[in-house]
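Take a look at the letters that make up each chain.
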Amino acid sequence: MVSRLVQNTKVMKHAATFLLPSSAVSATNRLAQTYALVVLNQQIPKFTPLLWSHAKLRICADGGANRIFDGVPKLFPDQNQLNIQHRYVPNVIKGDMDSIRPEVHQFYAELGSEIIDNSENQDTNDLHKCISFIREQTSAFDHSNFCTLVTGALGGRFDHEAANLNALYVFSDMRIVLLSDDCQIRLLPKTHQHEIHIQSTIEGPHCGLFPIGGPSVSTTTTGLTWDLCNSEMKFGSMISTSNKVREEKVTVCSDADLLWTISLKTPIHMGLTC
Ligand SMILES: Nc1ncnc2c1ncn2[C@@H]1O[C@H](COP(=O)(O)OP(=O)(O)OP(=O)(O)O)[C@@H](O)[C@H]1O
Ligand SMILES: Cc1ncc(C[n+]2csc(CCO)c2C)c(N)n1
């Protein structure tokens, strides 16, 4: 996953193969990753069941449990709603517990979800609490092979969105991908060069690359329509938005932590099997 190339610089590989059914990922294309899924309190993407099937650990952040309870059955309108609710039971529900509805709390508690009430902590949001938990659980794993997928990080209140982006920076040594129906966002830490393997059936072409934690004096890319060549980027000056992927592999090398975002398509296979 992390190989060393020129001048001993580590290369981190990225691929959104979690948006493909397991059967569609070739052995060469497959990154040996273990996934956790965190469901936040925003509309769940229609491919949530696919993420659920890939994940070894499924966590709802407080009101995220309502989203699974209400939202997953709606994705399978022809099926028995209660059966679906019994099939999608989170391992853990964690947060300050001011948003989960009492009947949802009771339903999942009876089905064995571990419920962790952190209402005493009003200094970090529920995504932060969930990722801290994942970090504790996975300390035995090689973090570079572990990836946390997050649904519902975008949309609605901008202070929530800002806190969710901040979580990428707070936990910059972990692989975390924020997902909505329309796009995905991940942090590319400056500690590595990056190779992003584009899954063109499900993502692109629109993409963006920019620093939000501090300026970049020098960023160089390949594989984009508007590549950067030792370019400076900062808010208040140039940032790369409405760019497009031009090749199956995009490379990024920067002196700053950058956010990478790419649009998502809606192919048939993202539709569902439950
Ligand atoms: N509109 C939103 N946009 C983006 N993320 C959201 C939004 N609403 C909720 N979330 C995410 O889901 C998590 C759980 O949502 P919940 O409604 O329980 O929030 P909360 O922690 O009680 O926050 P607050 O009390 O400020 O509303 C939040 O911590 C946040 O990460
Ligand atoms: C400087 C500062 N600003 C805001 C909050 C409030 N806050 C931040 S995260 C959170 C939990 C939301 O579930 C709450 C209430 C704080 N503690 N410190």
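Values in this document were obtained by computation on a predicted structure and should not be read as measured data.

### Digging into the UniProt feature "domain: Thiamin pyrophosphokinase thiamin-binding" (unreviewed entry) in the protein chain
(1) Moving on: The UniProt entry lists residues 192–258 under the feature "domain: Thiamin pyrophosphokinase thiamin-binding" (unreviewed entry), expressed in the numbering used here.
(2) Moving on: The annotated region residues 192–258 carries 0% helix and 52% strand content, and the separation between its end C-alpha atoms amounts to 11 Å.

### Focus on the site of ligand 1
(1) Moving on: Every one of the 19 residues lining ligand 1 counts as a neighbour, but Asp98, Ser99, Asp126, Gly155 and Asn164 are closest to it.
(2) Moving on: Between a nitrogen atom of ligand 1 and a side-chain N or O atom of Gln42, the distance comes to 2.9 Å.
(3) Moving on: Measuring from a nitrogen atom of ligand 1, one finds a backbone N or O atom of Gly155 at 2.5 Å.
(4) Moving on: For ligand 1, the accessible surface in isolation is 610 Å², of which the surrounding protein chains cover 84%.

### Considering the pattern of salt bridges
Proximity of charged atoms lets side chains of opposite charge pair with each other.
(1) Moving on: Using the criterion set out here, one finds 7 salt bridges in the structure.
(2) Moving on: Of the charged contacts, one joins Asp70 and Arg101 as a salt bridge, the two residues approaching to 2.9 Å between their closest N and O atoms. Residue Asp70 is found in helix H2 (residues 64–75), and its partner Arg101 is found in the loop between strand E5 (92–95) and helix H4 (102–110); the two are separated by 31 residues along the sequence.
(3) Moving on: The class for Asp70 is partly exposed, based on a relative accessible area of 29%.
(4) Moving on: In this structure, the salt-bridge partner of Glu247 is Arg246, at a minimum N-O distance of 3.0 Å.
(5) Moving on: Take Glu247: its relative accessible area is 38%, and that puts it in the partly exposed class.
(6) Moving on: Within this structure, Asp70, Arg101 and Glu103 form a network of salt bridges that share partners.

### Notes on the confidence of the model for the protein chain
(1) Moving on: Scored by pLDDT, the protein chain has a mean of 92; 89% of the residues are at 70 or more.
(2) Moving on: Among the prediction metrics, the complex's ipTM stands at 0.89, with pTM recorded as 0.93.

### Points about the site of ligand 2
(1) Moving on: Taken together, Asp96, Gln122, Asp123, Thr124 and Asn125 form the complete shell of residues around ligand 2.
(2) Moving on: Asp96 places a side-chain nitrogen or oxygen 2.8 Å from an oxygen atom of ligand 2.
(3) Moving on: Take Asp123: an N or O atom from its side chain is 2.8 Å from a nitrogen atom of ligand 2.
(4) Moving on: Protein contact buries 40% of the 450 Å² of open area that ligand 2 shows by itself.

### Some details on the environment of Asp126
(1) Moving on: Mapped onto the fold, Asp126 is located in helix H5 (residues 126–137).
(2) Moving on: C-alpha of Asp126 to C-alpha of Arg67: the two residues are 59 residues apart in sequence and 15 Å apart in space.
(3) Moving on: When near neighbours in sequence (up to four residues on either side) are disregarded, Asp126 contacts Ala61, Asp62, Gly95 and Asp96.

### Focus: the sheet that holds strand E7 (residues 146–151)
(1) Moving on: On the basis of which strands lie adjacent, the open sheet formed by 10 strands has the order E6-E5-E4-E3-E7-E8-E9-E16-E11-E14 and mixed pairing. Each edge of the sheet is formed by a strand with only one pairing partner; in this case those strands are strand E6 (114–117) and strand E14 (240–244). Within the sheet, the average angular offset between the axes of one strand and its neighbour, ignoring direction, is 20 degrees.
(2) Moving on: Examined bridge by bridge, strand E8 (residues 175–179) and strand E9 (residues 183–188) share 3 bridges and lie antiparallel to one another. Its bridge partner lying in E9, Leu178 is registered against Ile185.
(3) Moving on: Across the sheet, H5 is in contact with strand E3 (34–39), strand E4 (55–61), E5, E6, E7 and E8; its angle to E4 comes to roughly 150 degrees.

### Observations regarding unusual backbone geometry
(1) Moving on: Going from Gly204 to Pro205, the amide bond is cis rather than trans, its omega being 0 degrees.
(2) Moving on: Unlike most non-glycine residues, Asp62 shows phi in positive territory, near 45 degrees.
(3) Moving on: Assessed through its relative accessible area of 0%, Asp62 is described here as buried.
(4) Moving on: The residue Met97 is not glycine, and still its phi comes out positive at about 60 degrees.
(5) Moving on: Its place among the elements puts Met97 in the loop between E5 and H4.

Cut-off values and rules
Residues numbered from 1 in each chain as written. Chains lettered and ligands numbered in written order. Predicted model: local features only at pLDDT ≥ 70, side-chain atom pairs only at ≥ 80, totals over all residues. Heavy atoms only, no water. UniProt positions renumbered as here; feature names shortened; annotations may be inferred. Helix = DSSP H or I, 4+ residues; strand = E, 2+ residues; numbered from the N terminus. Near = heavy atom within 4 Å. Polar contact = N/O pair within 3.5 Å; in protein donor to acceptor, adjacent residues only side chain to side chain. Areas by Shrake-Rupley, 256 points an atom, 1.4 Å probe, with all protein chains shown as cover. Salt bridge = Lys/Arg side-chain N within 4 Å of Asp/Glu carboxyl O. Buried < 20%, exposed > 50% of the residue type's maximum accessible area, 1.4 Å probe, protein only. pLDDT = per-residue confidence, 0-100. Contact = heavy atoms within 4.5 Å. Pairing = 2+ DSSP bridges. Axes fitted to C-alpha atoms, helices over the stretch in contact; angles between N-to-C directions.

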